[in-house]
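# Tertiary structure, described
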Amino acid sequence: MSENSCSGNCASCGSNCSERKQDSLFEPTGKYNNIKHTIAVVSGKGGVGKSAVTSMLAVSLCKKGYKVGILDADITGPSIPKAFGITSKAMQNDKGILPAQTKEGIKIVSVNMMLEDGEQPVVWRGPVIAGLVKQFWTDVFWGDLDYLLIDCPPGTGDVPLTVFQTIKLDGAVMVTSPQDLVSLIVKKALNMAKMMNINIIGIVENMSYVVCPDCGKKFSVFGGGSASYDDFGVKLLGKLPIDPSLAAMIDSGSVEHFEGDLLSNAVSEIEKL
Ligand code: ADP
């Protein structure tokens, strides 16, 4: 970038930009935390099942014996506490804000744990939301974790940008659904990650098909397969069906009962980090 066109926002330019004034904008996490790997779960648009995939990944990693946390950065649409049946409010001690713990020991922090009434909408401006996400990284007492999964809000706005520039990520898992339009939006999100030098671990295609309960045949509800992930230069980690039992588990707060190995490829790629 030439001096004339420099916006002064080092977060939006490549690491090789000659105008860069700071080497890194990354913030350290709290001093009582020992987080081995930090992974963002991102999507180009909302409703594709990003939070569902985050939850299932956390459950799969936890079942393998890893210590797992979820930082719910989807401040205006937090769905993680509901999926795990968490209703408690956040507490604090001298080491920081204390995450809630699920039955199996997954640590969770979400804005819903800070609100008096979880049904009230968060009507805050971008920088306030981004500031809270930063605090979830710096002021929460996560303790020892093998994996911290960050459920990012969809798109390429303020908050994903804050996550990418504040937290040193080991990688990101992208969640998409098979529609053409969504794929186009995925390209934007992938390009944003590329611009910010984020390692994309791969793509999970959610709501890819539905299995007929009578004949067992698979149907591609959204036309299926129109997206070629090879074109994006990223790995397809798996295709998940529309599964009414998964939706029911999430709705009833019992996603920890989720069984199945549809995300096994994603888990093994994460274990390679
Ligand atoms: P996002 O985080 O991308 O906005 P969510 O994970 O909240 O999306 O999912 C949107 C809705 O779709 C939720 O009600 C969730 O339970 C449901 N859902 C997500 N993935 C599946 C799936 N594979 N099968 C059935 N329902 C799903």
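Structure first, text after, so check above.
This part takes up the overall build of the protein. Along the backbone of the protein there are eight helices and 11 strands. Taken over 273 residues, the protein has a buried fraction of 49%. Taken as a whole, the protein presents about 13400 Å² of accessible surface, with 51% of it coming from carbon and sulfur.

The next thing to look at is the site of the ligand. Close contacts around the ligand come from 16 residues, with Gly47, Lys50, Ala52, Pro241 and Asp243 the closest. Val48 has a polar backbone atom sitting 3.1 Å from an oxygen atom of the ligand. In this structure, Lys50 approaches the ligand through a main-chain N or O atom, which is 2.8 Å from an oxygen atom. Class assignment for the residues of the shell around the ligand results in eight nonpolar, six polar and two charged.

Right, let's talk about helix H7 (residues 244–251) for a bit. When we look at burial in H7, the residues that qualify are Leu246, Met249 and Ile250. Burial along H7 is one-sided: seen end-on, the buried residues are contained in an arc of 100 degrees. Facing away from the buried side of H7 by over 90 degrees, the exposed positions are Pro244 and Asp251. The elements touched by buried residues of H7 are helix H1 (50–63) and helix H2 (80–83). Taken from the residues just after H7, Gly253 is the one with a positive phi, measuring 75 degrees.

Turning our attention to the side chain of His37. Mapped onto the secondary structure, His37 falls in strand S1 (residues 34–43). Each residue touching His37, except ones within four places of it in the same chain, is listed here: Asp146, Tyr147, Leu148, Asp170 and Leu273.

This brings us to the pattern of salt bridges. Evaluation of the coordinates by the stated rule reveals eight salt bridges. The shortest N-O distance in the salt bridge between Asp251 and Lys82 comes to 3.6 Å. You can see Asp251 sitting in helix H7 and its partner Lys82 sitting in helix H2, a full 169 residues away along the chain. Taking relative accessible area as the criterion, Lys82 reaches 48% and is therefore assigned partly exposed. Measuring nitrogen to oxygen at the nearest pair gives 2.8 Å for the salt bridge that ties Lys272 to Glu269. Under the relative-accessibility criterion, Glu269 is labelled buried at 17%.

With five of five residues buried, strand S2 (residues 68–72) is to be regarded as a mostly interior element. Burial along S2 is two-sided: Val68, Ile70 and Asp72 and Gly69 and Leu71, pointing in opposite directions, are all buried. As defined by bridge partners, S2 adjoins strand S7 (residues 144–151) across five bridges and the pair is classed as parallel. Pairing of Ile70 across the sheet is with Leu149, part of S7. Here three bridges tie S2 to strand S6 (residues 107–109), and the two strands are oriented parallel to one another.

This part takes up unusual backbone geometry. Phi is positive for Asn197, which is not a glycine, with a value near 60 degrees. Checked against the element boundaries, Asn197 lands in the loop between helix H5 (180–195) and strand S9 (200–211). A positive phi angle, near 55 degrees, is found at Met207, a position not held by glycine. One can find Met207 in strand S9. A relative accessible area of 26% places Met207 in the partly exposed class.

The N-to-C vectors of H1 and helix H8 (residues 264–271) enclose an angle of 65 degrees; their axes lie 10 Å apart at closest approach. Judged by the angle between their axes, H1 and H8 are roughly perpendicular. Of the two elements, H1 crosses H8, and the hand of that crossing is right-handed. The segment H1 lies against H8, with Leu57, Ser60 and Leu61 engaging Ala266, Val267 and Ile270.

Moving on, we get to the environment of Pro153. Summarising the element assignment, Pro153 is placed in the loop between S7 and helix H4 (158–166). For the pair Pro153 and Gly44, spaced 109 residues apart in sequence, the C-alpha separation works out to 9.1 Å. Once residues lying within four places of it in the same chain are set aside, the contact partners of Pro153 are Lys50, Ala73, Asp74, Val159 and Pro160.

For Ser51, the position within the fold is in helix H1. Side-chain polar atoms of Ser51 contact the side chain of Ser79, separated by 3.3 Å. There is a polar contact of 2.7 Å between the side chain of Ser51 and the side chain of Asp151. Ser51 has contacts with Ser79, Ile80 and Asp151, leaving out every residue within four places of it along the chain.

Parameters and conventions
- Within any chain, residue numbers begin from 1 and follow the written order of that chain's sequence.
- Restriction of local features to residues with pLDDT of at least 70 applies here, the model being predicted, together with a cutoff of 80 or more for giving and counting side-chain atom pairs; totals for whole chains, interfaces and linings are based on all residues.
- Only hydrogens and water are set aside; all other atoms, that is, all heavy atoms of the structure, feed into the side-chain values.
- Only DSSP runs of H or I covering at least 4 residues are called helices, and only runs of E covering at least 2 are called strands; the numbering of each starts at the N terminus.
- Burial classification: accessible surface area is computed with a 1.4 Å probe over protein chains only, and a residue below 20% of its type maximum counts as buried, one above 50% as exposed, and the rest as partly exposed.
- Under the convention used here, a 1.4 Å probe and the Shrake-Rupley method define accessible areas, while residue burial counts only the protein chains that appear.
- Consider each residue's heavy atoms; a residue with any of them within 4 Å of a molecule or strand counts as near.
- Pairs of N or O atoms are called polar contacts if they sit within 3.5 Å, as long as, within protein, a hydrogen donor faces a hydrogen acceptor (for residues adjacent in sequence, only side-chain-to-side-chain pairs).
- For this scheme, ten residues count as nonpolar: Ala, Val, Leu, Ile, Met, Phe, Trp, Tyr, Cys and Pro. Four count as charged, namely Asp, Glu, Lys and Arg, and the remainder, Gly too, count as polar.
- Directions from the helix axis toward the C-beta atoms define the arc.
- By the convention used here, residues are in contact when the closest approach between their heavy atoms is within 4.5 Å.
- We define a salt bridge as a side-chain nitrogen of Lys or Arg found within 4 Å of a carboxyl oxygen belonging to Asp or Glu.
- In this description, strands pair whenever DSSP reports at least two bridges between them.
- Each axis is a line fitted through C-alpha atoms, taken for helices only over the stretch in contact, and angles between the N-to-C directions span 0 to 180 degrees.
- In this scheme, roughly parallel covers angles under 35 degrees and roughly antiparallel covers those over 145, while 65 to 115 is roughly perpendicular and the rest are oblique.
- Less than a right angle of anticlockwise turn of the near helix away from the far helix marks a crossing as left-handed, whereas a clockwise turn marks it as right-handed.

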